[in-house]
Amino acid sequence: MSKSFKALLTILIICLITTGCSVKTEQPENGVTDAAPKADNSQEKGIIKVIEFDDSQKKIIRGIGGSPDDIFYFEYDGIPIEYNWLEVWIEYYEKGQKTSKLLSINEGAAKDGSIICRFEDIDNKTRITINGSSLLKEKPIMEQSVTTNKKNDSPILCDSDTEFLLAVRVVDGGNSSAIIPDEIFTNQTIGDQDLYQNDYVYLVKGRFYSK
């Protein structure tokens, strides 16, 4: 499959997600992750929620060459008007060390909108796409590998420019357990514990800010 055709598939998948189908969501009864703990005032806080694909959407995505497991889709609503910009980026760790800030996008933010991040393998490279902007990165050389993804399933409350964690992707050698601790979304100061001892770790992070 040609690179240009794969790029077209990425565009089609993003269009499908944002305009093609209705999506059902459920808000957890508890476990809310607050990006900036303050006095509770939901009237003044925006909220970000993960969107899960239904069976028909998954079928369509697979039918055009994509994998639903490699797409992280979030919607936000009620963002305070003063936070008119959105930054989303990939924070990358290799064998326990933070090596770089990969693809980063900055775009104007309305009170409501969406964040879509996709990973896809193209020959010996990985394409990372965030809201239509993409980066090609050399894939690690491994005979076998295990990839584990985990999304932040709890609503994230936003009323400041504090960064938030949307998703985690881990790629390890075939014998690794690829552990992603549950507390990574509620305690983002885990440091070099279990998560960062994996071979390759991608954190999908974001923040709303004023400009």
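Residues numbered from 1 in each chain as written. Predicted model: local features only at pLDDT ≥ 70, side-chain atom pairs only at ≥ 80, totals over all residues. Heavy atoms only, no water.

Quick look at the overall build of the protein now. Tallying secondary structure elements over the protein gives 2 helices and 12 strands in all. Order of helices (α) and strands (β) in the protein, N terminus to C terminus: α-β-β-α-β-β-β-β-β-β-β-β-β-β. Looking at the protein residue by residue over its 211 residues, the buried ones come to 45%. Summarising the internal contacts of the protein: among those between residues at least 6 apart in sequence, 72% fall at separations of at least 24. On the protein, roughly 11,100 Å² of surface is accessible, and the fraction owed to carbon and sulfur atoms is 46%. (Helix = DSSP H or I, 4+ residues; strand = E, 2+ residues; numbered from the N terminus. Buried < 20%, exposed > 50% of the residue type's maximum accessible area, 1.4 Å probe, protein only. Contact = heavy atoms within 4.5 Å. Areas by Shrake-Rupley, 256 points an atom, 1.4 Å probe, with all protein chains shown as cover.)

In low-pLDDT segments, the atomic positions of the prediction should not be examined closely. On average, residues of the protein score 78 in pLDDT, and 73% of them reach the 70 mark or higher. Least confident of the elements in the protein is strand 1 (residues 33-34), whose mean pLDDT is 45; most confident is strand 3 (residues 71-77), at 96. Long-range and interchain partners of residues 1-8, a stretch whose pLDDT sits below 50, account for 9 contacts in this model, where long-range means more than four residues apart. Low pLDDT (under 50) marks residues 19-43, which in the prediction has 45 contacts with non-local residues, meaning those over four places away or in another chain. (pLDDT = per-residue confidence, 0-100.)

What follows deals with the pattern of salt bridges. Between side chains of opposite charge, a pair can form when the charged atoms approach closely. With the rule as written, the count across this model stands at 12 salt bridges. Here Lys-101 and Glu-87 are joined by a salt bridge, their closest N and O atoms 3.0 Å apart. Placement of the pair is Lys-101 in strand 5 (residues 97-108) and Glu-87 in strand 4 (residues 85-94), with a sequence separation of 14 residues. In the salt-bridge network here, residues are joined through shared partners; they are Glu-91, Lys-98, Glu-163 and Lys-205. (Salt bridge = Lys/Arg side-chain N within 4 Å of Asp/Glu carboxyl O.)

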